[in-house]
Amino acid sequence: MKYYLIVGEASGDLHASRLMREIKRTDHEADFRFIGGDLMAAVGGTLVRHYREMAYMGFIPVLLHLSKILGNMRFCKQDISQWQPDVCIMVDYPGFNLKIAKFLHKNTSIPVIYYISPKIWAWKEYRIKNIKRDVNVMLSILPFEKEFFEYKHNYPIHYVGNPTADEVREFNASYNEAFSQFATKNGLDPDKPIIALLAGSRQQEIKDNLPAMIEATKQLADYQIVIAGAPAINDEYYQSVLQSCTYAGSTHKLRIVKNATYPLLYHSRVAIVTSGTATLETALFRVPQVVCYKTPLPRLIGYLRKKVLKVKYVSLVNLIANKEVVPELVAETFSAANIRHRLCDILPDNNARQEQLRGYEMVASRLGDTSAPVNAARIIVGMLADKVQTQERI
């Protein structure tokens, strides 16, 4: 069978690559063509466009790169139409993928399967109309989405498990590097515990969030501050952001660890995390965290957040728990002082730390222990097999 996959960022590259591996276990003749990344390319198939050419977030970056985005969309439509896959698998990235799904529904008979469903329960709920029309099968990785899609909108979906939980479980089962080894390999101090800074995977997120994260930690001399380097961001960009930070009075020497976020979290005492999948990863490693996200016009955004967003929380940890497990400092509450205050609350021997760790156990329980890529691959290959059998009977 021929599978066309569309991914728009690093996390999608990871999840799609694991899905591809599982598809190949069942469909030994699987032929992949994709817009994706290096991890997908390592599985096999044809990479036609890298996600680095696709990942624009926010109104201004999208506006500045509009011609390129539209060009990518035209290319994708043409490429799928010419290749004629048996199925198109879309991984998150809804602004782009839902437009491609609409095109495929209108102009082709190629079925669309969505893996990692769009978060329309948070905002843009109106997209449910297009999803019902254009998406043949929806595969969810968040347990609370089933109630939203099925009970509220009468649109059946499959909860397949959570791939992040799978990845963390597999990492923990195989990783055995001592802290001293990890520290030596990455130029860290083997005698100081780590505060990890996960500032996001995109340039704008890093530029907005990292300076305040650094400022919040500068008085914590007993710790070393380590930045998790995002795969798609080069060292020069991090250095340009660091040079703009005021870090006077600190004895810290900031370190950046690239392509080793899981080992970093494994060895960290606490973390400051930009809202996103990284909040869930941090929780599954049982690392207490402060979640933060800087926005433009914070007071206005804070007001609109209460009026526009359909959910009370922004972090996946709190959404899954349906209560505040981790503190969220977003929009008008975002500041270095607030981050420092909440960070000190979760340092060792503090009650807030133990309360957060108890909340993490609830989150892990709700996610379950089934394998998302295994279940997703079974559904996808099974659907295509049923389609072939139906055609043969006809």
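Scroll up for the structure.
As the structure is a computational prediction, the values presented were derived from the model and not from experiment.

What counts, and at which threshold
Residues numbered from 1 in each chain as written. Predicted model: local features only at pLDDT ≥ 70, side-chain atom pairs only at ≥ 80, totals over all residues. Heavy atoms only, no water. Helix = DSSP H or I, 4+ residues; strand = E, 2+ residues; numbered from the N terminus. Buried < 20%, exposed > 50% of the residue type's maximum accessible area, 1.4 Å probe, protein only. Contact = heavy atoms within 4.5 Å. Areas by Shrake-Rupley, 256 points an atom, 1.4 Å probe, with all protein chains shown as cover. Pairing = 2+ DSSP bridges. Axes fitted to C-alpha atoms, helices over the stretch in contact; angles between N-to-C directions. Right-handed = clockwise from strand over helix to strand, strands pointing away. Phe/Tyr/Trp six-rings, centres within 6.5 Å; stacked < 30°, edge-to-face > 60°. Parallel < 35°, antiparallel > 145°, perpendicular 65-115°, else oblique. Left-handed = near helix turned anticlockwise from the far one by under 90°. 1 Å grid on protein atoms, 1.4 Å probe; cavity = no way out; pocket = protein on both sides within 12 Å on 5 of 7 lines; lining within 4 Å. Points joined across faces, edges and corners; volume = space filled by probe spheres on them. Nonpolar A, V, L, I, M, F, W, Y, C, P; charged D, E, K, R; others polar.

**Some thoughts on the overall build of the chain**
The secondary structure content of the chain amounts to 18 helices and 13 strands. The proportion of buried residues among the 394 residues of the chain is 53%. The long-range share in the chain, meaning contacts at least 24 apart out of those at least 6 apart in sequence, stands at 67%. Summing over all exposed atoms, the chain offers an accessible surface of approximately 18400 Å²; the carbon and sulfur share of this is 51%.

**Details of the sheet that holds strand 11 (residues 268-274)**
Strand pairing within a sheet occurs via backbone hydrogen bonds; the two strands may be parallel or antiparallel. The strand order across the open sheet built from 6 strands is 10-9-8-11-12-13, with neighbouring strands paired in parallel fashion. The sheet is open, and its two borders are formed by strand 10 (255-258) and strand 13 (328-330), each paired with just one other strand. Taking each pair of neighbouring strands and ignoring which way they run, the sheet shows an average axis angle of 25°. Pairing analysis gives 5 bridges linking strand 8 (residues 194-198) to strand 11, with the strands arranged parallel. Bridge pairing in strand 11 places Ala-196 opposite Ala-271.

**Comments concerning the pairing of strand 11**
The buried count for strand 11 comes to 6 of 7 residues, which makes it a mostly enclosed element. You can see the chain leave strand 11, run along helix 13 (residues 277-284) and come back into strand 12 (residues 289-293), and the turn it takes is right-handed.

**Things to note about the packing of aromatic side chains**
The tally for this structure, following the rule as stated, stands at 12 aromatic pairs. Note on Phe-171 and Tyr-175: the rings are 4.6 Å apart at their centroids and 20° apart in plane angle, and the pair reads as stacked. The pair Phe-171 / Tyr-175 is uniform in exposure class, with both members buried. Put simply, the rings of Phe-171, Tyr-175, Tyr-262, Tyr-266 and Phe-285 touch in pairs and so form one group of aromatic residues.

**Some words on the packing of helix 8 (residues 163-174) against helix 13**
In the contact formed by helix 8 and helix 13, the axes pass within 10 Å of each other and the chain directions differ by 40°. The orientation of helix 8 relative to helix 13 falls into the category oblique. Classified by chirality, the crossing of helix 13 by helix 8 is right-handed. Between helix 8 and helix 13, the residues in contact are Thr-164, Ala-165 and Val-168 and Thr-277, Leu-280, Glu-281 and Leu-284, respectively.

**Brief notes about the layout of surface pockets**
What the second largest pocket holds in volume is close to 390 Å³. The wall of the second largest pocket is formed by 16 residues, among which Phe-144, Glu-147, Val-311, Leu-319 and Asn-322 lie closest to the centre. Among the secondary structure elements, those contributing two or more residues to the lining of the second largest pocket are helix 7 (145-152) and helix 15 (316-321).

**Some thoughts on the environment of Leu-188**
Summarising the element assignment, Leu-188 is placed in the loop between helix 9 (179-185) and strand 8. With a relative accessible area of 9%, Leu-188 lands in the buried category. Ignoring anything within four residues of it in the chain, the contact list for Leu-188 reads Phe-182, Ala-183, Ile-194, Gln-224, Val-226 and Arg-255.

**A short note on the packing of helix 10 (residues 203-217) against helix 16 (residues 336-345)**
Where helix 10 contacts helix 16, the two axes come as close as 8 Å, and the packing angle between them is 50°. Taken together, the axes of helix 10 and helix 16 are oblique relative to one another. Judged by the twist between their axes, the crossing of helix 10 over helix 16 is right-handed. Facing helix 10, whose interface residues are Ala-212, Glu-215, Ala-216 and Thr-217, helix 16 presents Ala-336, Ile-339, Arg-340 and Leu-343. Grouping the amino acids of the contact of helix 10 with helix 16 by side-chain chemistry returns 5 nonpolar, 1 polar and 2 charged.

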